[in-house]
Structures are given as structure tokens and as C-alpha cells.
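Geometric and topological summary
Now for the letters of each chain:
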Amino acid sequence: MKPKILIVEDDPHILLGLEEVLKSESYEVAVCNRGDQAIEAFNRHRPSLVVMDVMLPGLSGYDICKQLRAKKVSTPILMLTAKGQEIDKVVGLDLGADDYVTKPFGVRELLARIQALLRRAPKAAADGEKAGSDAPFQIGPATIDPKTFQIKRGKAADELTAKELKLLQLFHAHPGEVFSRDRLLNEVWGYGYFGTTRTLDQVVVQLRKKLGDNGGEPRHLITVHGVGYKLVV
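Figured I'd write up the structure that's included with this text. (Residues numbered from 1 in each chain as written. Predicted model: local features only at pLDDT ≥ 70, side-chain atom pairs only at ≥ 80, totals over all residues. Heavy atoms only, no water.)

Details of the pairing of strand E11 (residues 221-224)
Cut-off, in case you're wondering: Pairs of strands are assigned from DSSP output, requiring at least two bridges between the strands. Helix and strand assignments come from DSSP, with helices taken as H or I runs of at least 4 residues and strands as E runs of at least 2, each series counted from the N terminus.
Of the strand pairs in this sheet, E11 and strand E12 (residues 228-231) are connected by 4 bridges, and their pairing is antiparallel. If you follow Thr-223 over to E12, its bridge partner there is Tyr-229. Between E11 and the antiparallel strand that follows it, E12, lie 3 residues; Gly-226 among them carries a positive phi value of about 80°.

See below:
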């Protein structure tokens, strides 16, 4: 039996379609059609992965994602976003979602993303335990504390997702080194990642905001056009 997947979706047609597709691939499936019942469903079923819509009755996908990550739940979350809603993707990734697919989506794309997330999950947990020191470190005016997943600038504090923290640790360990987008995706998302570099670009945008580096000309996380990014300290 393959891992259990929890689907949180209020559209009955999409919910049924997802359930049938995943069961046909021999996944064990649990379903929930309300946002305000999702945390209870998660605790009851303990899935290996969550597929979740953004817009849900009772509680949004954003809020569910935020609550799970606040409890240090590392289970992969795949968000379903509406076509053209770029803000859905940005906010979802910022709150700790691991990936997203845009409606309407193809079955092959959905399954490939699910398989990639499930392959990465145990490796990411192991890598996270080995990834550098837990000692706080500095990037510009910001102090990053790996133990608390917090980034502080003066009196302002923001929460970091696991991928945001890993990116910052990677950049901090190699100041001035240019990382290609593909290398960053492999290092942080894993070699099985199925998706585009836009996911990485959106996470970098959020990191710049948290670093206070989101003006017209960033000073620390620098884009190297046609290649990727580097950290200037």
C-alpha cells in the first residue's frame, strides 16, 4: 500500500476526481470538504501528504497551512490555486506550502508533483538534521535563528519556512558564490523536484522582504541574470 494522502477540497466534483485518481494509483486516501475540519482530519488520519485547495469554507488553505507549520508539522503540502492567482502561490509558499498546481491541472502533472514531494520528504528531514549549525547567523541587518525558524531585524520578527531557512543557510555558507537556479532547486527541493524555477523565484522574493532587501536594487540576495542568485554580505 502506498502512503496516505489527505485531500482538502470543497468542490465535490474535484474532490471525487482527485480521490478516484489517487486510489487508482494505489494511494490510501482520506478526504475533507471543509477548512475548519481539516486540522481534525489531519490529526485523525496522519497522512504522508496533504493536497489542499486555497479557498475553503470555514478556514482557508492559508490558515490551515500556517497552523500546521506553527505546530512544526513537516508533512508536505501541495496547494491547489486558481488560474492566474499568482498571489495565492506566493502566500501559500510563504506560509510553508511545499508546492502548488494551478487549476485546471493535468493528472500526470499532479501525480508527478505528489511523487516528487513524497520522495523528498524523508530525505529533506534527514538533510535538515545535518544542515549546518543551529547557531544564529547574520545577513545584513537581519539575524537568523535556525532553532526557532525566526528572522529578526531590530524589533521586527518574521517566521521562516523550512525551505527559506535552508536557502539562507546555503547562501550564508557560501558568500559571493553564484548558485544556478537548478542547483538551488536540487539542494533545497531535492533532485526529484518536478516543477519550474518560478517556485524558487517566488521564495526568493519573500526572503528579500524578510531580510529588508526588497527595494528596487537588493543589496544581499542578488539576481545573476541568466544564471541564478548569490549572497553579498
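Structure's up, so let's keep going.
What about the sheet that holds strand E9 (residues 156-159)?
Stated precisely, the cut-off is as follows: Angles run from 0 to 180 degrees between N-to-C directions of axes, and those axes are lines fitted to C-alpha atoms, restricted for helices to the stretch in contact. The contact definition used throughout considers only heavy atoms, calling two residues in contact when any of these lie within 4.5 Å.
Read from one edge of the open sheet, 4 strands run E6-E7-E8-E9, paired in antiparallel fashion. Edge positions in the open sheet fall to strand E6 (137-139) and E9, since each of these has one partner strand only. Adjacent strand axes in the sheet meet at a mean angle of 25°, parallel and antiparallel pairs treated alike. Alignment of E6 against strand E7 (residues 142-145), held across 3 bridges, turns out to be antiparallel. Bridging across to E7, Ile-139 finds its partner in Ala-142. The strands touched by helix H6 (residues 162-173) within the sheet are E6, E7, strand E8 (150-153) and E9, with E6 carrying the most contacts at an inclination of about 85°. Sheet strands touched by helix H8 (residues 198-211): E6, E7, E8 and E9. Its angle to E8, the strand with the most contacts, is close to 45°.

Considerations on the packing of aromatic side chains
Heads up, the condition is: For Phe, Tyr and Trp, rings pair up if their centres lie within 6.5 Å, where Trp contributes its six-membered ring, and each pair is then called stacked (planes under 30 degrees apart), edge-to-face (over 60) or tilted (otherwise). Only protein chains enter the area calculation, which uses a 1.4 Å probe; residues under 20% of their type maximum are buried, those over 50% are exposed, and those in between are partly exposed.
Inspection of every chain in the model, using the stated rule, returns 1 aromatic pair. Between Phe-171 and Phe-179, the aromatic rings sit 5.7 Å apart at their centres with planes inclined by 90°, giving edge-to-face as the arrangement. With respect to class, Phe-171 is no different from Phe-179; both count as buried.

Observations regarding the nonpolar core
Note the threshold: What we call a nonpolar core is a set of buried Ala, Val, Leu, Ile, Met, Phe, Trp, Tyr and Cys residues that are connected through their side-chain atoms within 4.5 Å.
Ranked by size, the top nonpolar core spans 46 residues in total, and within it Met-52, Leu-167 and Leu-168 carry the most contacts. In terms of nonpolar packing, the next biggest core, distinct from the first, is built from 18 residues, Leu-15, Leu-78, Leu-80 and Val-101 among them.

Focus: the packing of helix H2 (residues 38-45) against helix H3 (residues 61-70)
Here is the rule: Angle categories are assigned with fixed cut-offs, so that under 35 degrees is roughly parallel, over 145 is roughly antiparallel, 65 to 115 is roughly perpendicular, and the rest are oblique. Side-chain classes are defined by residue name, with Ala, Val, Leu, Ile, Met, Phe, Trp, Tyr, Cys and Pro counting as nonpolar, Asp, Glu, Lys and Arg as charged, and the others, Gly among them, as polar.
One way to put it is that H2 packs onto H3 with a least axis distance of 10 Å and a crossing angle of 45°. Our classification of the angle between H2 and H3 gives oblique. Contacts from Ala-38, Ile-39 and Phe-42 in H2 reach Ile-64, Gln-67 and Leu-68 in H3. When the residues that make up the contact of H2 with H3 are grouped by side-chain class, the tally is 5 nonpolar, 1 polar and no charged.

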